[in-house]
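A look at the structure
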Amino acid sequence: MIAATILALALVPHTYTVDDDQPADFSDLPAAIAATLPGDVLLVKPGVYGPAVVTHSLSILADPDLAKPFVLDEFVVDGAMECNLAGLQFTNLVIKNVVGRVRIDDCNVAGSWDS
């Protein structure tokens, strides 16, 4: 019974904050992505963030009432089952080898999409 409870708690999605200049769970987007599990949510505050790669199901969201966080260089979604991106700015967004769907909402985007 205890093992089932621990397993159930491990499968509950978590929400983390990312802010490059204020106290948060993470100050760096790549580190935040690397620490998440499938289904987790990252709430990204305004700022400038380095390139990153998403390879698992993840939601990366920004507050629509604040300035859009800016991701420098390349942001890649590669092989994820599902990914939700909202309220972000990308220098270069690359989406490839996606098994499921990628939802892009209210983002400023430049980049390429591969099938």
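Everything in this summary refers to the structure shown in the same document. (Residues numbered from 1 in each chain as written. Predicted model: local features only at pLDDT ≥ 70, side-chain atom pairs only at ≥ 80, totals over all residues. Heavy atoms only, no water.)

The number of helices and strands found in the chain is two helices and 10 strands. Taken from the N to the C terminus, the helices and strands of the chain come in the order α-β-α-β-β-β-β-β-β-β-β-β. Put simply, of all contacts in the chain between residues at least 6 apart along the chain, 27% involve residues at least 24 apart. For the chain, the accessible surface area stands at approximately 6,400 Å², while carbon and sulfur atoms represent 58% of it. (Helix = DSSP H or I, 4+ residues; strand = E, 2+ residues; numbered from the N terminus. Contact = heavy atoms within 4.5 Å. Areas by Shrake-Rupley, 256 points an atom, 1.4 Å probe, with all protein chains shown as cover.)

To continue, consider the sheet that holds strand β9 (residues 101-105). Spatially, the five strands line up as an open sheet ordered β1-β2-β5-β7-β9, and their pairing is parallel. Since the sheet does not close on itself, it has two edges, and those belong to β1 (15-18) and β9, each with one partner. Mean inter-strand twist for the sheet, computed between neighbouring axes without regard to direction, equals 15°. Of the strand pairs in this sheet, strand β2 (residues 40-44) and strand β5 (residues 58-62) are connected by five bridges, and their pairing is parallel. Note that in β5 the partner of L43 across the bridge is L61. (Pairing = 2+ DSSP bridges. Axes fitted to C-alpha atoms, helices over the stretch in contact; angles between N-to-C directions.)

So, about the side chain of H56. Mapped onto the elements of the fold, H56 is located in the loop between β4 (52-54) and β5. In this structure the side chain of H56 is engaged in a polar contact, spanning 2.8 Å, whose partner is the side chain of T36. Not counting the four nearest positions on each side in its chain, H56 is found in contact with I33, T36, L37, P38, A80 and E82. (Polar contact = N/O pair within 3.5 Å; in protein donor to acceptor, adjacent residues only side chain to side chain.)

Relative to the elements of secondary structure, D65 occurs in the loop between β5 and β6 (70-78). Spatially, the C-alpha atom of D65 lies 9.3 Å from that of G87, the residues being 22 residues apart in sequence.

Counting residues in each nonpolar core, the largest one holds 24 residues, and the members touching the most others are L29, I33, L42, I60, F75 and L85. Contributions of two or more residues to this core are made by α2 (29-35), β2, β4, β5, β6, β7 (82-86) and β8 (89-96). With near-sequence residues (within four places) excluded, I60 lies in contact with L29, I33, L42, V44, V54, F75, N84, L85, A86 and L88. (Core = buried A, V, L, I, M, F, W, Y, C linked by side-chain atoms within 4.5 Å. Buried < 20%, exposed > 50% of the residue type's maximum accessible area, 1.4 Å probe, protein only.)

Moving on: the packing of aromatic side chains. Where two aromatic rings form a pair, the distance of their centres and the angle of their planes describe that pair. Taken as a whole, this structure holds two aromatic pairs when the rule is applied. When the centroid spacing of 5.0 Å and the interplanar angle of 45° are considered together, the rings of F75 and F90 count as tilted. With F75 in strand β6 and F90 in strand β8, this pair connects stretches of sequence that are 15 residues apart. Residue F90 is classed as buried on the basis of its relative accessible area of 5%. (Phe/Tyr/Trp six-rings, centres within 6.5 Å; stacked < 30°, edge-to-face > 60°.)

Bringing the pattern of salt bridges into the picture now. Evaluation of the coordinates by the stated rule reveals two salt bridges. We note a salt bridge from D106 to K68, for which the minimum N-O separation is 3.4 Å. Placement of the pair is D106 in the loop between β9 and β10 (111-113) and K68 in the loop between β5 and β6, with a sequence separation of 38 residues. When its relative accessible area of 45% is taken as the criterion, D106 is described as partly exposed. Between R101 and E82 there is a salt bridge, with the nearest N and O atoms lying 3.2 Å from each other. In this pair, R101 sits in strand β9 while E82 sits in strand β7, placing the two residues 19 residues apart along the sequence. (Salt bridge = Lys/Arg side-chain N within 4 Å of Asp/Glu carboxyl O.)

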